[in-house]
Structures are given as C-alpha cells and as structure tokens.
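Summary of the model geometry
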Amino acid sequence: MTAQLLLQTLLSGVLIGLVYALVAVGLTLIFGVMDIVNFAHGEFLMLGMYASFWGFALWKLDPIFTLPLTALLLFAFGAALYHAVIRRIIDAPMLSQIFTSFGLMILFRGLAQYLWKPDFRSVDHTVVEGKVAFAGLQFGLPQVVAALGAVATTGAVWWFLRRTRLGAALEATAADREAAALMGIDSQKMFALAWGIGAACAGVAGALLSTYYPIFPEVGSSFILIAFVLVALGGFGSVAGAFWAGILVGIVEVLGGFLWDPAYKMVLVLSLYLLVVWLRPQGLMGKA
Amino acid sequence: MSAPLLEVEGLTKRFGGLVANEDVSFAVGEGEIVGLIGPNGAGKTTVFNSLAGFFAPSSGEIRLGGLPIAGLPPEAVAALGVARTFQIVRIFKSMTVLENAMVGAMLRHRAVPAAARLGYEMLRFTGLERRAHEPASRLTVAEQKRLEIARALATGPRLLLLDEVMAGLTPSEVQEAVEMVKRIRDRGIACVVVEHVMEGIMPIADRMLVLERGRKIAEGPPAAIASDPAVIAAYLGEEYRAPGA
Amino acid sequence: MRRRWAWPAAGAAAAAAAALFPLLVARPTWQNAAILMLMTAQLGVAWNVLGGYAGQVSLGHAAFFGTGAYVSTLLSLKLGVSPWLGMLAGGGTASLLALLVGWPCFRLKGHYFAMATIAVGEIVQALVNGWDALGGAVGFTLPLAESGFWGFVWGRSKLPYHYIALSLLLLTLLVNWAVARSRIGYYLRAIKDEPDAARSLGVSLTRYKLYAIAISSFLVATGGTLYAQKELFIDPGSTLSTSLSIKMALVAILGGVGTLGGPVLGAVVLTFIEEASRIVFGGTGRGTDLVVYGLLIVLIAVYQPAGIVGFLRARWPAREAEPRGAGARGEGAT
C-alpha cells in the first residue's frame, strides 16, 4: 500500500469524521445541559436528510441552498419535541428517561417508514457533485463540502457557547442548573434551546450528507452508535471533545475498513467505545 | 487497657486542589460515644466516608481492631463491623420497613426467616415494630432516620457512624434519639456521632472532636470543648459566652 | 385478607386457561399466536430478572437469545446432540458470555450501561453475520427429522410446542419468584433503590448484578433453543437483532418492571396490539409495528412507568395483610 493511498484513506476518514463530530456535538450538548441521553438523535439526522430530499424532489431545491431552512426546521422540531414530551420526564427516574427517548427513536423510524416508504432515496445532480483534486489525491466534492459545512457549523456552535450571553447561560445551566436558576436563567428555555440546537446540528449533518449518502428511514441507526462513541470518547458534555473524537473515530473507521474488512467497521468502532467507557468513563475531555 | 477499637492516624483527603481533611488523628475505644462537630464544610462527612470505605484516603491510616481498613470498599468495611447512616436518608423506597431492616440483617444471616427475625428485633429496638409491614416511603423523615439506624444495627456492627441523625427533630424527638444512642452504646457498640444539634450530643459523648476546615482543632470532654476559645472562634468568629460556662 | 389471594388466583386461572387453550381452539394461526405469546412472555420474565429487579436496563439481550439458539443448533447439526441437552449447553454458554460482558459493563451506570448493552448486542450480531463457521448471514436450517420428544421437533401438530412453551414460561416464573424472595432478590432490589446504602450494608454490587445477569441470560437462552426447534431456521436477523432486544424490554415495561406477572400481561397486550395493527394497517414492512411500539413505549415511560400492573395496583390497592410471625411480604412476591 502506497503512502499516497494511505494519505487518501486517512483524509477521507477525517472528512467523514468531521460530519460525525457535528452529529455528536448536538448529542453532547443535550447531555451536558440536562443529563439526558437522546437515543432519538439519529432520527434528527434522518429528518434533515428527508427534508433536503423532499425539497429537491418536489421543488428542485438544492440541499446546500435549503440548508439554513433545514436547520431552522429541525431547531423548531427539537424545541417542540422538548415541550411536548421531554419536559415531562426531566425529573423522572432514569428508566423512564431512557425509554422515552428510545421510544421516540422507534416512533420516528416507524413514521418515516410509513410515510415515505423504506426505499433508499438519493439526491442526484446537486450543485456540489463532482470531484476535487488536491495534492495528487482525489476526493468527492460533496464529501469535502459536507466536511467544511460540518466544521463551520461546529465552529458556529462553539462560538455561540463561548462568545454570546445566551450561550453562557446555556453553559451555566449545564454546570449547575439550580445555581443558574437562582441567577435568573430560565431552565425550561435553556433545555428547549439545547434540544433545538442539538436537533439542528444533526439536521444540518443530515442535509450535508444527503448530497452523497443514501437516504432511508433507518439511516439514523449507524450514526447514533457512532455519536455515542464520540460523546463517550470525547467526554460527556464536551463540544471540543466530540470534535476531536470525531476526527479520530473517522480515521479509525476508514482505516479499519481498509486494512481489515468493511463488514467489521462497526465492530471496530463499537469495541473502541466499550474500551473507552471501561477504561476511562469520563472520556478524554469530559467532566467526571 | 485494651487497644482502641478504631485508630485514625494522619487521615488526609484531597479532591484535586481542595483539601477536605488534613492530618486528622483520633481513636475510639470499645463502647465509647465520640462526638464529631465543626462548622459546615469542616470535613466531617468526608471523615465518615473515608472510615466507611466510600473514599480512599489520600494518605494516613485507619485501623479497626488493629486491622488496616483504609481504602477498602464499603461492603468490605461493613463486613468487618462498621455501619453508617447517611446525612440525607437513603432508605429502600420500594420495600417495607421490615424489609429494609432485613437487608441489613442479611449480612450475618443468609436465610430469609432468620434475617426477618433479626430485622424485627431491630425495629423493636428503634420503636418501629408496629409499622413493620408498611411501605418505608410512608414514614416521616424522623422515622426514616430511625429505620436507617435499625438497618445499620442489623448488620451487627462494632462501630456505628451516625451522620446528623438529629437534624430537624423536635426537642422531644431529640431526647428519644439521645436515649437510643445510649442504648446502642449499652449494647457494646461504639458510636461516632456527627451533629450540629448540641443538646443531642454534649450530654452523652465521652469525648468530642472538633474539625475546622479539614483539621482537628480540639479534642476532649464536652465541658472542656464548650469553653475552648478555638472552638468558639471556629463557630462564631468572636467572643461568645457558652451557655452554662 | 381476600386481596392477598387475588394475584396468585389470577395467575392460576391464567395458567389453566393457557393449558386448555390449544385443546379448545384448533385454528393454526390462533394456535401459533398463542405459542408466540407464551414465548414472548417467557423472554420478558427472563429479561425482568436483570432489568426489573436489579434495575440494570439491558437493550442487548438478544445476544443471549441468539447464543441459546445457535449453540443448541450447532450441537444438534454437527454433533447430533439432543436439543434438550443443547438447551442446557446454550444456557450455560449464554451465562458465561453474560458474566464476561457484565463484569466490565456493570461499572457503568444508567444510560451508559444501556448504551453499552446496545453496543454489545450489535457487535455480537455483526460478528455472527460475518463468520461463515457460524452460518454467516445465511444462518442454519434445521432438518425436519423424525418427530419426537428427544429430537425436540414435531412436524404435524403444534401442540407439543405449546406445552413446552407454557412449561418454560412457568419454570421461568418459578425461578423469578424464588430469586425474588431469596437473599439475592432482596439485595437486587436494594441495589436498584439505593446502591450506596446497599454497599454500606455489605452488599457487593458487582457480584449480585452478575448473579442477576447469569440467571437472566440462561433463561433467555433456553427460549432461543425453543425458537430454533420450532421455526427450524435461525439467522442473525431473527435471533440477534436489536429490535428483538427491544421487544423483550418493552414487554416487561409495558406490563410492569420488577413484578412477577407484569411481563406476562405485557406479552398478552403486545401480541393483541400487534395482531390488531396487522389487521388494521395491513401487513408489516410498512413501519406500522414500529409506530405502535414507539408510541406505546413513550406513553408508558412518560405516563405510567409502573406499567399495567402499576395501573391495576393503583386502582385496586391490596390491603396490608397481618404478618404470620415475622414473615415478610413485599413488592417482589407478586
């Protein structure tokens, strides 16, 4: 195997890893703010994909152009979901919390299958189709654009959390809900905001992926597992951790599939998850 | 003069940069009642957690009957004869009062009927026998604290760690609690009692330990502690005439 | 005093009804549905030992089901071992796997444990899927050899399967009941309620969780062998899938986690709902069963976490019974 091929593989791993990271950022944000693991997170991604697909199929709108709309749509959906369902189990026993988000996951998959049929869909001939050459290597343009879009969105979330008052309020709620409430920060608003941003992150990732990835009702399942891995690896609640973990896992996944067997890619990633979670439960950058 | 039941030497516990306990040393003899007091944040519950095995000390030694126990897990420490109650009551809410006590009794009695008999006896000791088959969640907080004590006693300990069992009790309830601690001592069980309710511990303690900001600042009989200027300053930061002094 | 007998009486009546059912109802589809109900109930009760009593929510239990199915099938196909012995071997293998997996996983709490079990379940499915010696994605077909008890296969009538399924369910209930009123049962409930308090009373959390998962996995695996002998075909999709793991957990949650009869009720209700939605929406593959599952899970989790049994108990609370000596009666005994 040549050095060039290795480099190509590594970089393509980074590209997909950056998209994984964006999905995980949304998941880790929700967890960091309210200690709830959103098993239905992959379905936000799926909905983002379908939103892009239908925009394209019905009105010939390119997913890249409808991206802001998809983000807003998923933001509203996430916040609405919080108010309709999640709000009721904030202080419920952990069993209830697990099964609520788990039930939502199944519900959304079933609804997607029922409404839009289990067939694989794709968006063809978008504005970003084609290839791009870089230092003698070749990459698909959609993959590159998706990675850049993911980085930009992750950066935007990071900037929001660190540089705006609202973001600081969110981080305060994540650090200590009661203390933040005593300072006048409305926990309910913060939770809804977290769900909105979390859903939007996954939705944007879905929209970006729709330019080259197959769209089907269960597509969320592969991404949610990887998102779990990233959140555990990077540290529950850590946006930066999710980002770096995404790059690492993207590389591991692609290398593993290349050197070993593509069918066992998930086994590798999942084993990595179990290893991390057993040896260092708080992850690389997480709060214990 | 036999060796003390519990010996603590140089107990230090750090959490990152925070020093919760620093170089705390004391001993507890068989059947003694030792009071552990100090302002909030002094590190009293941290000492308990180290004694009971929930924390491993950063340095120092703890010996129970001569046997080193520092760093052992809670279940091992319990088997060796140290029982404890919790500052915020942790009874088993899905069980009845008797079943709670039985879980404690099962440490020494594997068979359920034998554990039930011992559990019932402990309920009688703490005055809860008439509520044996009620859901434990229906007890008042004061009763739940008594249940925690019954449950802990059912493990047959040599040393009992009581963490603020008298908080929130009415004066007559405090008196009942005081009598109960005495009866526990009369059974040969040594007690280390963390308290803020002074009327609950001063009358019965053989010795008092005072912690402030992680360090032991005084040790001695209750009367001496009450008039110790360092202790008074720790609580109040100024001259204060202790009642009766 | 009447109330104390309400639940056991209902149970006995249900068992009698289940025993008489195939003699009164001859339609194959109904007979098959009844067997399915019994098998699903058995899995739910087995799952409940770990998930309901010990409070460790496993969403990867299909790994044990598949272990049972594959071990007995392989022993039967390659070595001619009777599936009854294979059932025991499968159970033992599943318990070993459970201990291996449980020991590191039990360090995790709550959500993290659940997520780890999903990961384990998916890994097992992916490994079997890719391993030709274990049949790969194609799976195994069991031969319809001479019908008979020792061979654990009957071609013409479904009746023997019904009674075996019923017996297995009753056995699983018996084990569950025995565990619940034993010291292990008390300790498991303590661990579920207040793990730190349990430790302070001398309870080793890991040891008792391992007991629970060993028992639970063994029982689930026996169900796997029964499935293999009934369907005469196994593959990763039918025996190791996460959706099967979900179903086991759902049945227990729907009926009432931590209760003896809860999963049975849950299996009955779920089977009815499945059949009803099949009739109303017409066939699976359209996602309607998922929608139904999902809605059920969410509604139960949000509004009635104690399940059907919890609902019934709230409606008809049992009076506190007088003790006989120092005998104890608690949640786990029902």
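Shown above is the structure to which this text applies.
As a starting point, this report considers the structure included with it. (Residues numbered from 1 in each chain as written. Chains lettered and ligands numbered in written order. Predicted model: local features only at pLDDT ≥ 70, side-chain atom pairs only at ≥ 80, totals over all residues. Heavy atoms only, no water.)

**Let's talk about the packing of helix H3 (residues 62-79) of chain C against helix H4 (residues 83-105) of chain C**
A pair of packed helices is captured by two measures, namely the crossing angle of their axes and the spacing between those axes. Residue and element names in this part refer to chain C. Axis separation between H3 and H4 bottoms out at 8 Å; the angle between their running directions is 140 degrees. Relative to H4, H3 is oriented oblique. As for how H3 packs across H4, the hand of that crossing is right-handed. On H4, the residues touching Ala 63, Phe 64, Thr 67, Gly 68, Val 71, Ser 72 and Leu 75 of H3 are Pro 83, Gly 86, Met 87, Ala 89, Gly 90, Thr 93, Ala 94, Leu 97 and Ala 98. (Axes fitted to C-alpha atoms, helices over the stretch in contact; angles between N-to-C directions. Helix = DSSP H or I, 4+ residues; strand = E, 2+ residues; numbered from the N terminus. Parallel < 35°, antiparallel > 145°, perpendicular 65-115°, else oblique. Left-handed = near helix turned anticlockwise from the far one by under 90°. Contact = heavy atoms within 4.5 Å.)

**Considering the sheet that holds strand E4 (residues 59-64) of chain B**
All names here are of chain B. Strand order in the open sheet formed by four strands is E2-E1-E4-E5, and the pairing between neighbours is antiparallel. Of all strands in the sheet, those with a lone pairing partner are strand E2 (18-28) and strand E5 (67-68), marking the two edges. Here seven bridges tie strand E1 (residues 6-15) to E2, and the two strands are oriented antiparallel to one another. In the sheet register, Phe 15 faces E2, and the bridge partner there is Leu 18. Against the sheet, helix H1 (residues 44-52) contacts E1, E2 and E4, and its axis sits at roughly 115 degrees relative to E1. (Pairing = 2+ DSSP bridges.)

**Focus: the interface of chain C and chain A**
Tallying the contact residues gives 41 residues for chain C and 38 residues for chain A. Both sides together, the interface formed by chain C and chain A hides about 3,600 Å², and carbon and sulfur atoms give 80% of it. Per-residue buried area on chain C facing chain A is highest for His 111, Met 115 and Arg 286 of chain C; these three make up 19% of the total on that side. Counting every contact that joins chain C to chain A gives zero salt bridges. Secondary structure elements with two or more residues in the side of chain C that touches chain A: H4, helix H5 (110-130), helix H11 (242-255) and helix H13 (288-303) of chain C. If you tally residues by element for the side of chain C that touches chain A, the top one is H5 of chain C, at 14 residues. A class-by-class count of the residues in the side of chain C that touches chain A yields 31 nonpolar, seven polar and three charged. (Buried area = accessible area lost by both parts, 1.4 Å probe. Salt bridge = Lys/Arg side-chain N within 4 Å of Asp/Glu carboxyl O. Nonpolar A, V, L, I, M, F, W, Y, C, P; charged D, E, K, R; others polar.)

**A short note on the pairing of strand E9 (residues 207-212) of chain B**
Residue and element names in this part refer to chain B. Taking burial as the measure, the six residues of E9 include five buried ones, the bulk of the element. When strand E3 (residues 33-37) meets E9, the two strands line up parallel, connected through four bridges. Bridged to Val 34 within E9 is Arg 207. Across five bridges, E9 lies against strand E10 (residues 215-220) in antiparallel orientation. Across the sheet, residue Glu 212 finds its bridge partner in E10, namely Arg 215. (Buried < 20%, exposed > 50% of the residue type's maximum accessible area, 1.4 Å probe, protein only.)

**Points about the interface of chain C and chain B**
When the parts of a complex come together, some accessible area is lost, and that lost area is often taken as the interface size. Contacts between the two partners involve 26 residues from chain C, matched on the other side by 30 residues from chain B. Here chain C meets chain B over a buried area of about 2,500 Å², counting both sides, of which 61% is carbon and sulfur. On the chain C side of the contact with chain B, Arg 183, Tyr 186 and Leu 201 of chain C bury the most area, a combined 26% of that side's loss. Taken together, chain C and chain B are joined by three salt bridges. Arg 189 of chain C is the salt-bridge partner of Glu 99 of chain B, the closest N and O atoms lying 3.5 Å from each other. Elements represented by at least two residues in the side of chain C that touches chain B include exactly helix H7 (183-193) and helix H8 (195-200) of chain C. When residues of the side of chain C that touches chain B are assigned to their parent elements, the largest contribution, six residues, is made by H7 of chain C. For the side of chain C that touches chain B, the residue count by class is ten nonpolar, six polar and ten charged.

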